[in-house]
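# Coordinate inspection notes
Spelled out, the chains give:
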Amino acid sequence: MRVLVVGQGAREHAIAWKLRKSPLVKEIYVAPGNAGIAKVADCVNIGVADIIEIADFADKLKMDLTVVGPELPLTLGIVDEFQKRELPIFGPTRLAAELEGSKVFSKEFMRKYEIPTAESTICNSADEAKAALKKTKYPAVIKVEGLAGGKGVVIAKSSKEADDYLRLIFDEKKFGNAANRILIEEFLEGEEVSFMVITDGKKFAPIAPAKDYKKAFDGDKGPNTGGMGAHSPAVILNGETAGEVVKQIVIPAIQGMAEEGRTYTGCLYVGLMLTRKGPRVLEFNCRFGDPETQVQMLRLDDDLAEVFLNVARGNIEEVKLNWKKEASACVVVAVDGYPDEHMKGQEIAIDPINDPAIELFHAGTVKRGGKLLVNAGRVISVCSHAATLSEALAKAYQAVPKIRFEGARYRRDIGYRALEQRKQAVGE
Ligand code: AMP
Ligand code: GLY
């Protein structure tokens with residue numbers, strides 16, 4: 001089987017790495033890939049937004065399966081383009097991907113299908129936003145409607161902070177058309193967790209939940225990022241709550257999307273806040289998570305190619321996902337300054353890591369003139385697996401200093417709270 005993966009992050013590296021283990025898979029291509037991915041697949045120099053070129057490439061090589069990592073090509077309609085050409089692809093269509101592509105659509109959808117989420121007001125102008133903020137308590141959450149690479153959400157602690165952000169949005173047009181409409185949202189308190197399912201639009205198979213650490217700095221301080229680390233199991237999501245999530249959120253979402261004529265296939269990612277009143281949806285994503293995928297792929301016991309193929313063919317009955325008992329952990333080594341301005345182009349040195357339980361999944365790396373260089377804010381996901389979560393975290397943290405480049409920075413507290421919570425739960 002010949003497979004194409006679209007994307008260039010550590011998520012796509014983990015997917016390609018897992019596909020490489022499948023006896024069904026003979027050739028793997030990744031568009032555009034990165035320096036780490038090049039070790040497990042053939043990288044093809046096509047950008048993720050060039051959906052026609054990607055489809056042409058898949059057509060030419062008679063690709064048996066294409067898997068899409070990031071949201072952008074999905075919201076641009078890559079799945080529709082492939083379906084038009086009868087090329088098998090895993091992911092939602094353009095209309096279904098609006099669940100992530102438009103936070104306004106997503107919020108209205110949740111209201112209509114009574115899916116629990118934060119109270120929110122949709123605003124078309126700075127004046128409307130100011131009026132909505134007058135009725136909201138601080139901290140208040142401000143979200144731009146469209147895709148903003150994880151940077152379109154701020155938690156304003158005061159009306160001054162809110163006003164500054166509104167100026168950025170409406171006067172300086174920092175987000176362009178992505179912020180024609182915004183949401184003013186109630187701040188939810190609790191623990192965040194990521195819950196994903198693979199679905200063919202009717203049935204679904206849950207993926208092992210993972211906990212992602214989205215804030216830039218230790219103690220969950222600083223701006224939101226794409227994710228600075230993760231682990232699976234998520235620890236904080238027990239079976240009972242997972243059951244509630246399925247009943248109150250996953251099933252109504254899949255059924256609702258079908259009713260809207262936007263049948264959802266692929267991976268549906270539910271970003272949750274576990275509040276005292278129960279689970280609430282923070283966001284839907286139309287794809288796998290990053291860095292959640294890295295830890296999930298380390299735990300998946302099944303043949304990933306077979307899973308994708310069955311979903312792409314609509315045979316989800318055949319899909320049963322089995323997870324290793326082991327825990328897995330990921331610490332993202334990023335560049336100082338990320339998610340804002342940061343250095344690029346500095347050389348990366350990787351000291352020998354003599355631990356077979358460590359996997360390095362590359363994100364912002366590129367090879368030039370025989371040197372490995374930094375190419376984006378999140379550089380390498382250092383991942384590990386072990387019998388327990390604390391061992392997996394310890395292993396990952398032992399390996400992290402082996403990744404060396406100017407400005408390397410990582411969070412030192414990934415998994416810390418989860419371990420504390422587990423201790424409390426078992427009364428240690
Ligand atoms: P989103 O892209 O909507 O998931 O928002 C990005 C991040 O902002 C989330 O992962 C949360 O950490 C935070 N966030 C979003 N909405 C809320 C909310 N209503 N209350 C508290 N935090 C939020
Ligand atoms: N880790 C958060 C995301 O993938 O959106």
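Look above for the structure.
Described in the following lines is the structure provided in the data block. (Residues numbered from 1 in each chain as written. Chains lettered and ligands numbered in written order. Predicted model: local features only at pLDDT ≥ 70, side-chain atom pairs only at ≥ 80, totals over all residues. Heavy atoms only, no water.)

## Some details on the site of ligand 2
Filter applied, for reference: Being near a molecule or strand, for a residue, means having at least one of its heavy atoms within 4 Å of it. Polar contact is defined as a pair of N or O atoms within 3.5 Å, subject to the rule that within protein one atom must be able to donate a hydrogen and the other to accept it, and that residues adjacent in sequence are counted only when both atoms are side-chain atoms. Per-residue and other accessible areas follow the Shrake-Rupley method at a 1.4 Å probe size, with only the shown protein chains counted as cover for residues. Residue polarity is assigned by list, with Asp, Glu, Lys and Arg as charged and Ala, Val, Leu, Ile, Met, Phe, Trp, Tyr, Cys and Pro as nonpolar; anything else, Gly included, falls into the polar class.
Around ligand 2 sit Asp212, Lys214, Gly226, Tyr269, Asn285, Arg287, Gly289, Asp290, Pro291 and Glu292, and those are all the residues in its vicinity. Asp212 is positioned such that a nitrogen or oxygen atom in its side chain is 2.7 Å from a nitrogen atom of ligand 2. A distance of 2.9 Å is found between a nitrogen atom of ligand 2 and a side-chain nitrogen or oxygen belonging to Glu292. About the coverage of ligand 2: the protein hides 90% of its 200 Å² of free accessible area. Among the residues forming the shell around ligand 2, the class breakdown is 2 nonpolar, 3 polar and 5 charged.

## Observations concerning the pattern of salt bridges
Under the convention used in this document: We count a salt bridge whenever a side-chain nitrogen from Lys or Arg sits within 4 Å of a carboxyl oxygen from Asp or Glu.
Here the structure, examined in full by the defined rule, presents 30 salt bridges. Look at the salt bridges and you will find they share partners, linking Glu191, Lys211, Asp220, Arg411, Asp413 and Arg417 into a network.

## Quick notes on the sheet that holds strand β3 (residues 42-43)
Just so we agree on the cut-off: Pairing between two strands is assigned when DSSP locates at least 2 bridges connecting them. Helix and strand definitions follow DSSP, with helices as H or I runs of at least four residues and strands as E runs of at least two, each counted in order from the N terminus. Contacts are assigned to residue pairs with any non-hydrogen atoms lying within 4.5 Å of each other. Helix axes are fitted only over the stretch in contact, all axes being lines through C-alpha atoms; the angle between N-to-C directions runs from 0 to 180 degrees.
Taken in spatial order, the 5 strands make up an open sheet running β3-β2-β1-β4-β5, and their pairing is parallel. Bordering the open sheet on either side are β3 and β5 (89-90), each of which pairs with just one other strand. Relative to β5, strand β4 (residues 65-68) is paired through 2 bridges, and the arrangement is parallel. Its bridge partner lying in β5, Val67 is registered against Phe90. Packed onto the sheet, helix α1 (residues 10-20) meets β1 (2-7) and β2 (27-32) and runs at close to 170 degrees relative to β1. Seen against the sheet, helix α11 (residues 304-312) touches β4 and β5 and runs at an angle of roughly 95 degrees to β4.

## Focus: empty space enclosed by the protein
Quick reminder of the rule: A cavity here means a set of points on a 1 Å grid, drawn over the protein atoms and nothing else, where a 1.4 Å probe fits but cannot get out; a pocket is an open set with protein on both sides within 12 Å along at least five of seven lines, and a residue lines either one if it has an atom within 4 Å of a point. Grid points are joined across faces, edges and corners, and a volume is the space filled by probe spheres set on the points.
Under the definition given, this model contains 4 cavities of 30 Å³ or more. Size it by volume and the largest cavity reaches roughly 90 Å³. Residue lining of the largest cavity: Leu99, Glu100, Lys103, Ser106, Lys107, Met110, Lys143, Leu183, Glu185, Leu282, Glu283 and Phe284, and that is the complete set. Considering every element that reaches the lining of the largest cavity, the biggest residue donor is helix α6 (residues 103-112), with 4 residues. When grouped by side-chain class, the residues that make up the lining of the largest cavity number 5 nonpolar, 1 polar and 6 charged. A volume near 50 Å³ is recorded for the second largest cavity. Taken together, Ile198, Ile207, Phe288, Met297, Leu300, Leu304, Val307, Leu321 and Trp323 form the lining of the second largest cavity. A class-by-class count of the residues in the lining of the second largest cavity yields 9 nonpolar, no polar and no charged.

## Here's the deal with the environment of Glu161
How we decide: Relative accessibility decides the category of a residue: with a 1.4 Å probe and only protein chains considered, values under 20% of the type maximum give buried, values over 50% give exposed, and everything between is partly exposed.
Mapping Glu161 onto the fold places it in helix α8 (residues 159-171). Since its relative accessible area comes to 33%, Glu161 is described here as partly exposed. In this structure, the C-alpha to C-alpha distance between Glu161 and Ala140, residues 21 residues apart in sequence, is 9.7 Å. Ignoring anything within four residues of it in the chain, the contact list for Glu161 reads Ile155 and Ala156.

## Examining α6
With respect to burial, α6 is a largely interior element, 7 of its 10 residues being buried. Turning to α6, its buried residues are Lys103, Val104, Phe105, Ser106, Lys107, Phe109 and Met110. Downstream of α6 by a residue or two, Glu114 has a phi angle that is positive, lying close to 55 degrees.

## Examining the packing of helix α7 (residues 126-134) against α8
Just so we agree on the cut-off: Under this scheme an angle from 65 to 115 degrees is roughly perpendicular, one under 35 degrees roughly parallel, and one over 145 degrees roughly antiparallel; angles in between are oblique. Should the near helix be turned anticlockwise from the far one by less than a right angle, the crossing is left-handed, and should it be turned clockwise, the crossing is right-handed.
Two elements in contact, α7 and α8, have axes whose closest approach is 10 Å; the angle formed by their N-to-C orientations is 160 degrees. Considering their axes alone, α7 and α8 lie roughly antiparallel with respect to each other. As for the relative orientation of α7 and α8, their crossing is right-handed in sense. Seen from α7, the contacting residues are Ala126, Ala129, Lys130 and Leu133; seen from α8, they are Ala162, Asp163, Leu166 and Phe170.

## Details of the packing of aromatic side chains
The test is simple: Side-chain rings of Phe, Tyr and Trp, where Trp is taken by its six-membered ring, are said to pair if the distance between their centres is within 6.5 Å; with planes under 30 degrees apart they count as stacked, over 60 as edge-to-face, and otherwise as tilted. Consider the ring centre and the ring normal. A charge sits over the ring if Lys NZ or Arg CZ is within 6 Å of that centre and within 35 degrees of that normal.
Under the definition given, this model contains 9 aromatic pairs. Note on Phe288 and Phe308: the rings are 6.1 Å apart at their centroids and 70 degrees apart in plane angle, and the pair reads as edge-to-face. Here Phe308 lies in helix α11 and Phe288 lies in the loop between β17 (278-285) and α10 (292-299), a separation of 20 residues in the sequence. The residues Phe288 and Phe308 share a single accessibility class, namely buried. Positioned above the aromatic ring of Tyr213, the side-chain terminus of Lys211 is 5.2 Å from the ring centre. Above the ring of Phe105, the side-chain terminus of Arg262 is found at 4.1 Å from the ring centroid.

## Section: the side chain of Lys214
With respect to the secondary-structure elements, Lys214 resides in the loop between β12 (211-212) and β13 (215-217). Only 3.5 Å separates the side chain of Lys214 from the side chain of Tyr269, close enough to count as a polar contact. Dropping the residues within four chain positions of it, Lys214 is found in contact with Glu192, Pro223, Asn224, Thr225, Gly227, Tyr269 and Glu283.

## Focus: the layout of surface pockets
Considered as a void within the structure, the second largest pocket measures approximately 370 Å³ in volume. As for the second largest pocket, its lining consists of Thr117, Glu119, Glu186, Phe187, Leu188, Glu189, Gly190, Leu274, Thr275, Arg276, Lys277 and Arg280. For the lining of the second largest pocket, the class distribution of residues is 3 nonpolar, 3 polar and 6 charged.

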